[in-house]
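Notes for the structure review
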Protein chains: 2
Amino acid sequence: MAEDRNSHQGKQEQKITMLDKFVMKMRSLPREICRTIWKIGHEDPRRVIHALKVGLSLTLVSLLYLMEPLFEGIGQNAIWAVMTVVVVLEFTVGATLCKGLNRGLGTICAGSLAFFIEYIANETGLVFRAVFIGLAVFFIGTAATYLRFFPKIKKNYDYGVVIFLLTFNLITVSSYRVHNVLKVAHERFYTIAIGVGICLLMSFLVFPNWSGEELHNSTVIKLESLARSIEACISEYFQDQEIVVEGRSSEDPIYKSYKAVLDSKSIDETLALHASWEPRHSRHCYRYPWQQYVKFGAVLRHFGYTAVALHGCLQSEIQTPRSVRALFKNPCIRVAGELSKVLMELADSIRHRRRCAPGLLSDNLHAALQDLNNTIKSQPRLFLGSNSNQTTNMIALAAAAANQKHEKDSGVSLSSVKTDTSALIEWKTRRVTDQSERKVLRPTLSKLAITSLEFSEALPFAAFASLLLEMVVRLDLVIEQVEELGKVAHFKEFKSDIEIIIAREKSQRECRRELPPNLPSQGIE
Amino acid sequence: MAEDRNSHQGKQEQKITMLDKFVMKMRSLPREICRTIWKIGHEDPRRVIHALKVGLSLTLVSLLYLMEPLFEGIGQNAIWAVMTVVVVLEFTVGATLCKGLNRGLGTICAGSLAFFIEYIANETGLVFRAVFIGLAVFFIGTAATYLRFFPKIKKNYDYGVVIFLLTFNLITVSSYRVHNVLKVAHERFYTIAIGVGICLLMSFLVFPNWSGEELHNSTVIKLESLARSIEACISEYFQDQEIVVEGRSSEDPIYKSYKAVLDSKSIDETLALHASWEPRHSRHCYRYPWQQYVKFGAVLRHFGYTAVALHGCLQSEIQTPRSVRALFKNPCIRVAGELSKVLMELADSIRHRRRCAPGLLSDNLHAALQDLNNTIKSQPRLFLGSNSNQTTNMIALAAAAANQKHEKDSGVSLSSVKTDTSALIEWKTRRVTDQSERKVLRPTLSKLAITSLEFSEALPFAAFASLLLEMVVRLDLVIEQVEELGKVAHFKEFKSDIEIIIAREKSQRECRRELPPNLPSQGIE
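Residues numbered from 1 in each chain as written. Chains lettered and ligands numbered in written order. Predicted model: local features only at pLDDT ≥ 70, side-chain atom pairs only at ≥ 80, totals over all residues. Heavy atoms only, no water.

**Observations regarding the overall build of chain A**
Looking only at helices and strands, one finds 20 helices and zero strands in chain A. When burial is assessed residue by residue, chain A has 52% of its 525 residues classed as buried. The long-range share in chain A, meaning contacts at least 24 apart out of those at least 6 apart in sequence, stands at 82%. Of the accessible surface of chain A, which amounts to about 25500 Å², a share of 61% is contributed by carbon and sulfur atoms. (Helix = DSSP H or I, 4+ residues; strand = E, 2+ residues; numbered from the N terminus. Buried < 20%, exposed > 50% of the residue type's maximum accessible area, 1.4 Å probe, protein only. Contact = heavy atoms within 4.5 Å. Areas by Shrake-Rupley, 256 points an atom, 1.4 Å probe, with all protein chains shown as cover.)

**With respect to the UniProt feature "transmembrane region" (unreviewed entry) in chain A**
Residues and elements named next belong to chain A. UniProt tags residues 48-66, 78-97, 127-147, 159-177 and 189-207 as "transmembrane region" (unreviewed entry). The distance from the first to the last C-alpha atom of residues 78-97 is 21 Å, and the span holds 80% helix and 0% strand. Taken end to end, residues 127-147 is 100% helix and 0% strand, and its first and last C-alpha atoms sit 30 Å apart. (UniProt positions renumbered as here; feature names shortened; annotations may be inferred.)

**Thoughts on the domain arrangement of chain A**
Size of an interface, as often reported, equals the accessible area lost when the parts are brought together. All names here are of chain A. Taken domain by domain, chain A comprises domain 1 (47-205) and domain 2 (211-384 + 455-510). Listed by partner, the interface residues are 13 residues for domain 1 and eight residues for domain 2. For the pair domain 1 and domain 2, the summed buried surface comes to about 850 Å²; carbon and sulfur atoms form 70% of the total. If you look at where domain 1 meets domain 2, you find zero salt bridges. Where domain 1 touches domain 2, the interface holds two residue pairs in polar contact (both at pLDDT 80 or more). A per-element tally of the side of domain 1 that touches domain 2 places helix 5 (residues 93-122) first, with seven residues. Taken together, the residues of the side of domain 1 that touches domain 2 break down into eight nonpolar, four polar and one charged. (Domains from an automatic or database assignment. Buried area = accessible area lost by both parts, 1.4 Å probe. Salt bridge = Lys/Arg side-chain N within 4 Å of Asp/Glu carboxyl O. Polar contact = N/O pair within 3.5 Å; in protein donor to acceptor, adjacent residues only side chain to side chain. Nonpolar A, V, L, I, M, F, W, Y, C, P; charged D, E, K, R; others polar.)

**A closer look at the nonpolar core**
In terms of nonpolar packing, the biggest core is built from 138 residues, with Leu223, Phe464 and Val478 of chain A together with Leu223, Phe464 and Val478 of chain B touching the most fellow members. Those residues in contact with Val478 of chain B that sit more than four places away from it in its chain are Leu223, Phe296, Val299, Leu300, Phe303 and Leu346 of chain B. Counting residues in each nonpolar core, the second largest holds 89 residues, with Trp80 of chain A together with Val54, Ala114 and Phe164 of chain B among its members. (Core = buried A, V, L, I, M, F, W, Y, C linked by side-chain atoms within 4.5 Å.)

**What about the pattern of salt bridges?**
Taken as a whole and assessed by the stated rule, the structure comprises 32 salt bridges over all chains. Here Asp263 of chain A makes a salt bridge to Lys259 of chain A, at a shortest N to O gap of 2.8 Å. Of the charged contacts, one joins Arg47 of chain B and Glu43 of chain B as a salt bridge, the two residues approaching to 3.4 Å between their closest N and O atoms. Beyond isolated ion pairs, a larger network of salt bridges with shared partners links Glu224, Glu345, Asp348, Arg351 and Arg354 of chain A.

**Observations concerning the packing of helix 6 (residues 126-147) of chain A against helix 2 (residues 46-66) of chain B**
Where helix 6 of chain A contacts helix 2 of chain B, the two axes come as close as 8 Å, and the packing angle between them is 150°. On the basis of their axis angle, the class for helix 6 of chain A and helix 2 of chain B is roughly antiparallel. Classified by chirality, the crossing of helix 2 of chain B by helix 6 of chain A is right-handed. Of the residues in helix 2 of chain B, those touching helix 6 of chain A at Ala130, Ile133, Gly134, Val137, Phe138, Gly141, Thr142, Thr145 and Tyr146 of chain A are Arg47, Val48, His50, Ala51, Leu52, Val54, Gly55, Leu56, Leu58, Thr59, Ser62 and Leu66 of chain B. Taken together, the residues of the contact of helix 6 of chain A with helix 2 of chain B sort by class into twelve nonpolar, eight polar and one charged. (Axes fitted to C-alpha atoms, helices over the stretch in contact; angles between N-to-C directions. Parallel < 35°, antiparallel > 145°, perpendicular 65-115°, else oblique. Left-handed = near helix turned anticlockwise from the far one by under 90°.)

**Let's talk about unusual backbone geometry**
Residue and element names in this part refer to chain B. Even without glycine at this site, Phe207 takes up a positive phi of about 40°. Residue placement: Phe207 occurs in the loop between helix 9 (181-205) and helix 10 (211-237). The exposure class assigned to Phe207 is exposed, which follows from its relative accessible area of 56%. Phi is positive for Arg353, close to 50°, though the residue is something other than glycine. Along the chain, the position of Arg353 falls in the loop between helix 15 (329-351) and helix 16 (363-378). Judged by its relative accessible area of 27%, Arg353 is partly exposed.

**Focus: a nonpolar patch on the surface**
Residues Leu19, Phe22, Val23, Met26, Leu29, Ile33 and Ile37 of chain A make up a contiguous nonpolar surface patch of roughly 630 Å² in combined accessible area. Of note, Val23 of chain A is situated in helix 1 (residues 2-43). (Patch = residues over 30% accessible without salt bridge, like charges linked within 9 Å, V, L, I, M, F, W, Y side chains within 5 Å.)

**Overview of the side chain of Thr107 of chain B**
Residues and elements named next belong to chain B. In this structure, Thr107 sits in helix 5 (residues 93-122). Using a relative accessible area of 6% as the deciding quantity, one classes Thr107 as buried. A distance of 2.6 Å separates a polar atom in the side chain of Thr107 from the backbone oxygen of Arg103.

**Some remarks on the environment of Ala110 of chain A**
All names here are of chain A. Considering the arrangement of structural elements, one finds Ala110 in helix 5. According to the relative accessible area criterion, Ala110 is buried, its value standing at 0%. A C-alpha to C-alpha distance of 50 Å links Ala110 and Thr306, two positions 196 residues apart in sequence. Residues within four places of Ala110 in sequence aside, it is in contact with Phe164, Thr167 and Phe168.

**Comments concerning the packing of aromatic side chains**
Taken as a whole, this structure holds 27 aromatic pairs over all chains when the rule is applied. With 6.4 Å between their ring centres and 25° between their planes, Phe128 of chain A and Phe132 of chain A make a pair best called stacked. Of this pair, Phe128 of chain A and Phe132 of chain A are both found in helix 6, four residues apart, which corresponds to roughly one turn of the helix. In this structure Phe128 of chain A comes out as partly exposed when scored by relative accessible area, which is 48%. Taking the centre distance of 6.2 Å and the plane angle of 80° together, the rings of Tyr146 of chain B and Phe150 of chain B count as edge-to-face. (Phe/Tyr/Trp six-rings, centres within 6.5 Å; stacked < 30°, edge-to-face > 60°.)

**Description of the environment of Gly100 of chain A**
Residues and elements named next belong to chain A. As for its placement among the helices and strands, Gly100 is situated in helix 5. C-alpha of Gly100 to C-alpha of Ile192: the two residues are 92 residues apart in sequence and 9.2 Å apart in space. With residues near it in sequence (within four places) discarded, Gly100 still touches Val88 and Val196.

**Thoughts on helix 10 (residues 253-262) of chain A**
Turning to helix 10 of chain A, its buried residues are Ile254, Tyr255, Ser257, Tyr258, Val261 and Leu262 of chain A. Burial along helix 10 of chain A is one-sided: seen end-on, the buried residues are contained in an arc of 165°. Exposed side chains of helix 10 of chain A directed beyond 90 degrees from the buried face belong to Pro253 and Lys256 of chain A. Buried positions along helix 10 of chain A lie against helix 9 (211-237) and helix 12 (290-315) of chain A together with helix 13 (290-315) of chain B. (Arc of directions from axis to C-beta.)

**A short note on the environment of Ile234 of chain B**
Residue and element names in this part refer to chain B. Tracing the chain through its elements places Ile234 in helix 10. Given a relative accessible area of 3%, Ile234 falls into the buried group. Separated by 80 residues in the primary sequence, Ile234 and Leu314 place their C-alpha atoms 9.1 Å from one another. Apart from residues lying up to four places away in sequence, Ile234 is in contact with Cys332, Ile333, Ala336, Phe464 and Leu468.

Spelled out as C-alpha cells, the structure:
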C-alpha cells in the first residue's frame, strides 16, 4: 500500500515537473523565436533585403489589379502575373533568370503544340474530340514526364518541362469548353511576361545577388579553410600537452573547417548552373567558365580527403609517443606552413582574379621537404635508414616513452604492455561473461584488441609524414586547376615578384594569426 | 599567291569536312536519341511506369472537364485540379505526400488569413481598402519569404510556404474585384483536394515507389561497394605487375565504387525527408527512424575518407618497392579480407532487417591483425623493432629492390638516385630556361622535387598499414551505428550462431567472387 502511494505521489510529481517544463518552454518561446529571427538576418543581411524585394514586387504586381486604369487594360488575367512573381523571384539573379526563362519557354512551346492539337481536333465531332484531347493529354503527359529523367533536361530545363505540361493541359483541356482559346493563351502569355519582367527588374536592379559571385567567393573560402585546417591539425599533433577531446567530432573546429569543402558538391553544381544563366557582369566579353569552378571544387574535395586522413591520425587509438613526435616537430610544422601558405596564395590569386605566380610550388616548400627528409634520415631505425649504430639509442628512447605513457594512464591502457596472448584471452573471457552489454563493452574491446597488438609506435608517425607528402603531391593538382581556371577565365596576367612577396607576407601574417597563441610556429625544443 | 590559293583551298576543305561532320551528326542523331531513351528506361524501369502514371492521372483529371455530368458539378475551376496533378505527382510516395500535404496546408492557412484580412478591409471605403490590401500583400509577402530562410521551415515546408503566399495573394487581390470570394476559395480548395486525391491514389496504389525503401537499399549498396573498393585497393597494391593507369581518375573502378558513398549526403537527406512523410508500410507500429539512416550515412562517409586515403597510397608518386611490399602481402590481404567480410555481413544484416551478430569485430579480424603485427615485427629495421641482428639483411634487400627499380625505368626516374643537391640545381635550371611551358613542365617538376628527396621507401608502406589499422578502428564506429540502427528500428533479434556462419560463408563466397581471378586471396609467395 505504502509503495503504491509512493509511486502515485511520484507520478504526480513527475506530472507537475513536466507541466512546469512545458510552461517554462512556452514562456521562453517568444524570446527563442525573436533570437532565431535576428540570427538569420544577422548571418546574411541579404536575406532581409530579398524578403523586402519579394514583398515590394508582389505589391507592384498587385497594382495591376488594384488600380482602375491598369485593370481596365489587363483584366482578370492579371492574377497570372501575381502567380508568376511568387514562383519565379528567387534569391539570386541566375536562379530568377533560369526560372523565368524556363517559364517563358515552356509556355511558348506548350502554346504552339496546343494550337496544333486544337487545329486537328476542331475538324471532328464533339465526342471524337473529347477522346482525341484525352489521348493527347495522356501521350504528351507521359512523354514530358519521361523527358524529365534525361540528365541534361533535368539539370537545365526541369522547371520548363513542368510549366510546358501545365500550360499545355490548361489550354488543351479548356479549349473543349471555351472557344476563344487563342485569346486566353495570348492573355496568359502577356501577363506572365509582365510578371517575369517585374521579377527580372527587381533581381537585376535592386541589390542584385549574383550566383557567380557566390560561387567565386565560396571557392576562395574553401581554399582558406583547408589551409587553416592543415595548420590546426599540425599544431594539435605536436602539442606538448594531450588535450582530451570530448563530445562528438562534429564540434571539432578542424572538422568544421574541412567539412564545408567535403559537402560542397551539390551547392557548387547548383550555383554554377544558375551562374551560367547570368549575363556577363564583368568587363570581359566571353562566356565565363563556371563549370571550371565545379571541376576545381572536385579537385579540392580530393585534396580535402587527405586532410580528413591527416585529421584521422590525430584521433587514432594508437599514437606515436609525444617524445618521438617532438623529434620531427619543426620540419613537419615547416612543411605544413608552406603548404598552407601556398593554399592561401592560391586563394588570394583567385580572389583578385589574377594568375598565380609561376614559382608557387616553390623553393620554400622544396626546402621544407628537404628538411623533413634530412630529419627522418637522421633518426635511424625509425625507418629504413643507413646508420646502424644508433639503434639502441632510439629503442631506449622509445621504451622510456612507452613506460612514461604507461605510468601516466596506467588504469586504462594496462593492456598495452601485456603480451598479445594474455590480452586475447582476457578479451575472450570478457566477451563470454558479458554478452548483453554489447554497446558499453564494444569501444573497450576494440581498443584492447588494437592496443594489445604491439604495432611499432613509429607506424602512426610514418603515416602522418606520408600523408603530408601526399598532400604536397595533390597540391600540384590543385595548382594545375587554378592555372587552368586562370587561363580559361582570362584572369589578369601575373606581374612582378614584388607582388608575390607582398601577398606571401600577408598570407604569412594570416597563417600566424590562425596558430594558437601557446604554440610558436618554429618553437625551440 | 600560291600560298594564298593553298590557304583558300585549305579553308574550303575544312568547310566541307565540317559540313560532312554536321551531316554525319544529324544522321546519327535519331539513333543517338533512341539509344538514350532506351538506356534511361533500362537503367530503372520504374521511370517508364512513373511516366505512364502521370499520363494516366492527367487523363483522369481531364475527364472532370471533358465529361458533361462531371463538368456540371465542378465547372471552370476543374482547371485547378489539372494544375495540382502536374505539380504534385512525384516519383516516390513520400515526395508526393510531402508536396500534396504542403499544398493542402498552405492553401488552408492562406485561405483563413485572407478571410481575416478581407473581413477587416470590408469595413472601409474603396480607396482605403486598396491601400490596406496593398500593405497586407507587402507585409505577408516579406514575412513569408523571410520565413523560408529558417532551416526547419526550408527543410520541411518550403513548398507549403510558396503555396501559402500564392493562395493568399490570389484570394486577397481578387477579393477587390470579385465579391463572392468565399465561393471562389471554397471551389479552389475543393478542386485542389480532388487533384491531390488522384495523385495520392496513383502513387499509393499503382506500383508505389517508397523513398524509405530506396534509402534502405542505397545504404546496403553503399556498404557493399565500400567492401568491394577495399578488396580492389589491396589486390591492386600487391599486384605482381605494375599496371599503368592512364586517363582521369574518375574512370577508375575503385574510385567509382567509393564515390557514390562520398557524394551521398544530399541524396540521403532528401530521401530521409520524403520517407518521414510516408506512412509505415511494415508490420511495426512505430515511427521509423529514417534520420538514423542519415546519421549512419555520415559515419559511412567518414569511413569512406579512409578508403580514399588508402586509394591515394596506390596513386602516390613515391612507392615502396614491390619486393618489400610482397613481404607483407598475405597478412595485409587477410586484414582487408576480414574488413570487407565484416562490411558485407553488416550489409546483409541491414538488408534482411536483422540485428547483427555480437561477435562481429571477431576473432578472425583480431587474428588477422595479430598476423600483420607479427609480420611487421619480424621484418627488422623497417619499423622500430627489437631484433637488431637482421639489419644488413633488410637493407641489402631494399638496396637490391631499389637497383632493380632503377634498371627497369631508368629513363624516367633517374633523378631518384641523384643526390638531393644536384636534383635541386637541375630543377632550378629547368625552371629558369622554360618559364612559358609551365603547364607541361609542372608535373615533372613536382615528381622530381619529391622523388629526389630520398625519403625512406618504407614510409609509404607504413602509411598503407597504418591506414588499414585506422580502418579497423573506424569500422567500430560503423558497427556501433548499425547496432544503434537495429535497436531504434526494431530489427529482428539476432538468433543463432549457425545463422552467422551461414551468412559469413555466403559473404566469403561473395568476397572471393570480387577478387580478380589472377590473384588468389591467400597466394603463396
